[in-house]
Amino acid sequence: MPNLSFFKPQSSQGWLAWVLVAFMLFFSLTSDEFFSVQNLLDLAESYAVTGIFALGLFVVLVTGGIDISFAAVASVVQYIIASLFTHYQFDSASLSIVLAIVCGTLFGIVNAILIYWLRIVSIIITISMQSLLFGMLMWLTEGRSLYTLPDWWITLRNVMPFTFHGQSFQIGLPLTIMLIIAAITWVLLNKTHLGRQLYAVGGDQESARRVGIRVGLIHIFAYGYLGAMAAIGGLVQVYRMGEVVPNALVGGELDVLAATVLGGASLMGGKGTVTGTLMGVFLIAVLKNGLNLVGVSNYFMNIVVGGVIMIAIAVTHYKKRKETDVSFV
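Definitions and limits used
- Residues numbered from 1 in each chain as written.
- Predicted model: local features only at pLDDT ≥ 70, side-chain atom pairs only at ≥ 80, totals over all residues.
- Heavy atoms only, no water.
- UniProt positions renumbered as here; feature names shortened; annotations may be inferred.
- Helix = DSSP H or I, 4+ residues; strand = E, 2+ residues; numbered from the N terminus.
- Buried < 20%, exposed > 50% of the residue type's maximum accessible area, 1.4 Å probe, protein only.
- Contact = heavy atoms within 4.5 Å.
- Areas by Shrake-Rupley, 256 points an atom, 1.4 Å probe, with all protein chains shown as cover.
- Axes fitted to C-alpha atoms, helices over the stretch in contact; angles between N-to-C directions.
- Parallel < 35°, antiparallel > 145°, perpendicular 65-115°, else oblique.
- Nonpolar A, V, L, I, M, F, W, Y, C, P; charged D, E, K, R; others polar.
- Core = buried A, V, L, I, M, F, W, Y, C linked by side-chain atoms within 4.5 Å.
- Expected span 1.5 Å × (residues − 1).
- Phe/Tyr/Trp six-rings, centres within 6.5 Å; stacked < 30°, edge-to-face > 60°.
- Lys NZ or Arg CZ within 6 Å of the ring centre and 35° of its normal.
- Left-handed = near helix turned anticlockwise from the far one by under 90°.
- Patch = residues over 30% accessible without salt bridge, like charges linked within 9 Å, V, L, I, M, F, W, Y side chains within 5 Å.
- Salt bridge = Lys/Arg side-chain N within 4 Å of Asp/Glu carboxyl O.

- If you look the protein chain up in an unreviewed UniProt entry, it shows as ABC transporter permease from Paramixta manurensis.
- The annotation that UniProt attaches to the protein chain under Sequence similarities (unreviewed entry) is "Belongs to the binding-protein-dependent transport system permease family. AraH/RbsC subfamily."
- According to the UniProt record, the Subcellular location (unreviewed entry) comment for the protein chain reads "Cell inner membrane".

Topic: the overall build of the protein chain
Point 1. From N to C terminus, the protein chain includes 14 helices and 2 strands.
Point 2. A buried classification covers 46% of the 329 residues belonging to the protein chain.
Point 3. For the protein chain, the proportion of contacts with a sequence separation of at least 24, taken over those separated by at least 6, is 76%.
Point 4. When the accessible surface of the protein chain is split by element, carbon and sulfur atoms take 66% of a total near 16700 Å².

Things to note about the packing of helix H3 (residues 48-62) against helix H9 (residues 193-203)
Point 1. Contact geometry for H3 and H9: axes closest at 7 Å, N-to-C directions at 55 degrees. Classified by the angle their axes make, H3 and H9 are oblique. Between H3 and H9, the residues in contact are Phe58, Val59 and Val62 and Leu198, Tyr199 and Gly202, respectively.
Point 2. Its residues assigned to classes, the contact of H3 with H9 shows 5 nonpolar, 1 polar and no charged.

Thoughts on the UniProt feature "transmembrane region" (unreviewed entry) in the protein chain
Point 1. Feature annotation in UniProt assigns "transmembrane region" (unreviewed entry) to the following positions: residues 15-35, 47-80, 92-113, 120-140, 169-189, 215-236, 256-287 and 299-318.
Point 2. In the segment residues 15-35, helix accounts for 76% and strand for 0%; the C-alpha atoms at its two ends are 21 Å apart.
Point 3. Along residues 215-236, the helical share is 100% and the strand share 0%, with 32 Å between the first and last C-alpha atoms.

Digging into the nonpolar core
Point 1. Ranked by internal contacts, the top residues of the largest apolar core, which has 94 residues, are Phe53, Phe70, Trp153 and Val244.
Point 2. Counting residues per element, this core draws most heavily on helix H11 (residues 215-241), which supplies 16 residues.
Point 3. Sequence-distant contacts of Val244, that is, excluding residues within four places in its chain, are made with Gln78, Tyr79, Ala82, Ser145, Leu146, Leu149, Trp153 and Val238.

Quick word on H3
Point 1. With 15 residues, H3 extends 21 Å from end C-alpha to end C-alpha; this agrees with the ideal 21 Å at 1.5 Å per step.
Point 2. In terms of residue burial, H3 counts as a mostly covered element, since 15 of its 15 residues are buried.
Point 3. Taken from the residues just after H3, Gly64 is the one with a positive phi, measuring 90 degrees.

Examining the packing of aromatic side chains
Point 1. A full pass over the atoms with the stated rule returns 6 aromatic pairs.
Point 2. Aromatic side chains Tyr116 and Trp117 sit 5.0 Å apart centroid to centroid with 85 degrees between the ring planes, which places their arrangement in the edge-to-face category.
Point 3. Classification of Trp117 by relative accessible area gives partly exposed; the value is 49%.
Point 4. An angle of 10 degrees between the planes, with centres 5.5 Å apart, marks the rings of Trp152 and Trp153 as stacked.
Point 5. Connected via pairs of aromatic rings, a cluster forms that spans Phe23, Phe26 and Phe27.
Point 6. For the cation-ring pair, Arg119 lies above Tyr116, with the distance from its terminal atom to the ring centre recorded as 4.9 Å.

Quick look at the packing of helix H2 (residues 37-46) against helix H13 (residues 274-293)
Point 1. Look at H2 against H13: their axes get within 10 Å of each other, and the N-to-C directions meet at 125 degrees. Overall, the two elements H2 and H13 adopt an arrangement that is oblique. Taken as a pair, H2 and H13 cross one another with a handedness that is right-handed. Taken together, the residues of H13 that come into contact with H2 (itself represented by Asn39, Leu40 and Leu43) are Phe282, Ala285, Val286, Asn289 and Leu293.
Point 2. By residue class, the composition of the contact of H2 with H13 is 6 nonpolar, 2 polar and no charged.

A look at a nonpolar patch on the surface
Point 1. A cluster of nonpolar side chains, contributed by Leu118, Ile120, Val121, Ile123, Ile124 and Ile127, occupies part of the molecular surface with about 500 Å² of accessible area.
Point 2. Structurally, Ile127 can be placed in helix H6 (residues 122-141).

Brief notes about the side chain of Thr185
Point 1. With respect to the element layout, Thr185 can be found in helix H8 (residues 173-191).
Point 2. Note on Thr185: relative accessible area 0%, which makes it buried.
Point 3. Beyond its immediate stretch of four places on either side in the chain, Thr185 contacts Leu55, Val59, Tyr225 and Val274.

So, unusual backbone geometry
Point 1. Here Gln89, not a glycine, exhibits a phi torsion of approximately 55 degrees, which is positive.
Point 2. By secondary structure assignment, the location of Gln89 is in the loop between helix H4 (70-88) and helix H5 (93-117).
Point 3. Classification of Gln89 as exposed rests on a relative accessible area of 53%.
Point 4. One non-glycine residue, Arg119, adopts positive backbone phi at about 55 degrees.
Point 5. Take Arg119: it is sitting in the loop between H5 and H6.
Point 6. By relative accessible area, Arg119 is classed as exposed at 60%.

What follows is the structure, encoded as structure tokens:
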């Protein structure tokens, strides 16, 4: 007998799995195009960048923090790398990728330092950082897009061919990178001592400090990890589009946040899984793609995403209050 514990509705992942299956069945009945292999592959490819961002944000949420600046970080990093090629013909793929990750990580570390050592609420700092970085980028570049890019950034094509029912398909580089990052994040959080510390800090920061966990360093790692994922996501976005557009990524932060909380990550910290995060990303993708195929306006999704976040916040605080009430009984 197969193990169906994953689909048990008692867990947040179980509920999400059933909701995802229900929507996929609904859209497959309302649109002949939805359930095709090519459409599902295109869907996964187009939301690979969202998935990369969500995996990074998930690590921050596990520690009890939140970061809204990742899209601006990604935009700044991709523009820096493209500008180095445009003005100085810097064409080393490996060095460019390393430089991008270092820059993204440093932006994340700056967020962590401001949040932890200055005792400032994380969402205030990261919204300010988002506004600062994006404002400076648009001001310094005057909103100009860059189209002249190194060959390594835009010419590498599909990497994993496979055959299904006699038809050939390709799994592209963006989806491959997202799956690799998902595997790395899963190992980090589930198989390492550092991962247990991340969950411990999110569960109860003061208790974690008392047992010897260096909370400040944990925050630095979490925000730095998101910064690195932002940089990678920015590079992947340019690969998909073939150009650097300064404002292409900013504005999609709510989709990423909604995906992570849909996947079971608690806004209070200490909960969630990598699998749930990926399911949350795919549910957002299915909803947007399915509603588009049946002719529903894209603007309607803003209502859905906003409602998801509101419900997640309400449920999180209700559970927290219930646990607090029980502890006093």
